[in-house]
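One letter stands for each residue in the lines below.
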Amino acid sequence: EAVNGKQVGHLFENISSFFRQCIFSVLSVGPVPSHIAFIMDGNRRYSKKQNLLDGDGHRAGFSALINMLKYCYELGVKYITVYAFSIDNFRRRPEEVESLMKLMQEKIDELIKEESIANRLGVRIYFQGNLKLLSAPVRSSAERAMVKTAGHSKAVLSVCVAYTSTDEIVHAVQESCEEKWDEIRKQDANNAGGNLVGREKNGKDKDEHLIGVTNIDSHMYMAVVPDPDIIIRTSGEYRLSNFLLWQSANCLLYSPTALWPEIGLRHLVWVVLDFQRNYLYLKEKKKQA
Ligand code: FPP
Ligand code: MG
């Protein structure tokens, strides 16, 4: 009986899935990172290199993301975060911004279909950033995806769009101030308005009304997930480009030369082995902090 292409494809998928299971069970003997963040750089260079149309580099980038998600969740990495679009990216050519946004909307809608990876793996999706800056259709797709996956808890994918770290920090500081002001107003109302002068004179009371790290921390967009253990930026660039600055104090950084659409299992394995080599040292560092 002739073996058709589909059967060969299936066979290949089964063999590579078995191969991955073997590698992951060896890796799982050591500590596995709980959160990996990716700066998906090099999509346009990839489309040049492969003689593709401009937008096809980003399309290939999305497929690479789906594969990477699958590998990470198989390995037991519960939290994945990706930098999909920075606030600075709005300064790119309008045609490019528009086509990227269109792709984003198409892929978000794909992500929440019944048979999608998000549903199969039980992934909760968050979109993090200044979502007001997105066009209405993209924003409503993003919001729909967040609502539809809100009941999932096996794994978490955070997609940073219209995001920069400085914007996130400013937003968190503003929210903290507002929260503090509300508290003060409530207290003043309880004290029948008479105590304001007394409160300002009293040094101890005044300190209680200052904003601290925990206040700001709790208002970060990324407060819903633990800090990343690892940030990977592809295409050989070493800059953080305003990504997770607040959250990366104790984070390992990797910069493989592969362009984002070229990233694969070997990069993940390498990074996790290196994480395991650094694990005890990092744990000690976190304790001291
Ligand atoms: C950076 O490469 C990549 C982006 C600006 C966009 C990445 C977005 C995706 C892969 C789609 C994600 C979609 C969802 C729904 C999560 P670059 O354009 O800077 O390429 P270059 O460095 O080669 O110029
Ligand atoms: Mg780039």
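Before reading further, recall that the structure is shown in the block above.
Along each chain, residues carry numbers from 1 onward, in the same order as the chain's sequence is written. To label them, take the chains in the order written and letter them from A, then take the ligands in the order written and number them from 1. Given that this is a predicted model, residues contribute local features only at a pLDDT of at least 70 and side-chain atom pairs are listed and counted only at 80 or more, while totals for whole chains, interfaces and linings are drawn from all residues. With hydrogens and water set aside, each side-chain value is computed from the structure's full complement of heavy atoms.

Explain the site of ligand 1 to me, using residue names and the numbers behind them.
In this text, near means that some heavy atom of the residue lies within 4 Å of the molecule or strand in question. Lining the immediate environment of ligand 1, one finds 18 residues, of which Met 40, Asp 41, Arg 44, Arg 45 and Arg 92 sit closest. Protein contacts shield 94% of the accessible area of ligand 1, which totals 640 Å² for the unbound molecule. With a 1 Å grid spanning the protein atoms alone, the term cavity applies to any set of points in which a 1.4 Å probe fits but cannot get out, the term pocket to an open set with protein on both sides within 12 Å along at least five of seven lines, and the term lining residue to any residue with an atom within 4 Å of a point. In this scheme, a molecule is assigned to a cavity or pocket if more than half of its atoms are within 2 Å of the grid points. A molecule is said to occupy a pocket when more than half its atoms come within 2 Å of that pocket's grid points, and by this definition ligand 1 occupies the largest pocket. Only DSSP runs of H or I reaching four residues or more are called helices, and only runs of E reaching two or more are called strands; each is numbered from the N terminus. Put simply, the parts of the chain that give the shell around ligand 1 at least two residues each are helix H2 (43-49), helix H3 (54-75) and helix H4 (94-111). For the shell around ligand 1, a count of residues per class yields eight nonpolar, five polar and five charged. Per-residue and other accessible areas follow the Shrake-Rupley method at a 1.4 Å probe size, with only the shown protein chains counted as cover for residues. Here the nonpolar group is Ala, Val, Leu, Ile, Met, Phe, Trp, Tyr, Cys and Pro; Asp, Glu, Lys and Arg are the charged ones; every other residue, Gly included, is treated as polar.

Tell me about the layout of surface pockets, residues and numbers included.
To locate leftover empty space, one rolls a probe as large as a water molecule over the atoms. Grid points are joined across faces, edges and corners, and a volume is the space filled by probe spheres set on the points. Estimated volume of the largest pocket: approximately 800 Å³. If you go around the largest pocket, you meet 33 residues; those closest to its centre are Met 40, Tyr 83, Ala 84, Asn 89 and Arg 92. A per-element tally of the lining of the largest pocket places H4 first, with six residues. Looking at the lining of the largest pocket residue by residue, the class counts come to 17 nonpolar, seven polar and nine charged.

Which residues make up the packing of H3 against helix H11 (residues 265-288), and what values do they have?
Axis angles are defined between N-to-C directions and span 0 to 180 degrees, where every axis is a line fitted to C-alpha atoms and, for a helix, only to the segment in contact. Following both chains from N to C, one finds H3 and H11 inclined at 40 degrees, their axes separated by 10 Å at the closest point. Classified by the angle between their axes, H3 and H11 sit oblique to one another. Every pair of crossing elements has a handedness; the one defined by H3 and H11 is right-handed. Residue-level inspection shows Met 68, Tyr 71, Cys 72 and Leu 75 of H3 in contact with H11, the latter providing Leu 265, Leu 268 and Val 272. Looking at the contact of H3 with H11 residue by residue, the classes come out as seven nonpolar, no polar and no charged. By the definition adopted for this analysis, an angle is roughly parallel if under 35 degrees, roughly antiparallel if over 145, roughly perpendicular if from 65 to 115, and oblique otherwise. If you view the pair so one helix is near and one far, a crossing is left-handed when the near helix is turned anticlockwise from the far one by less than a right angle, and right-handed when it is turned clockwise. We call two residues in contact when some of their heavy atoms are within 4.5 Å.

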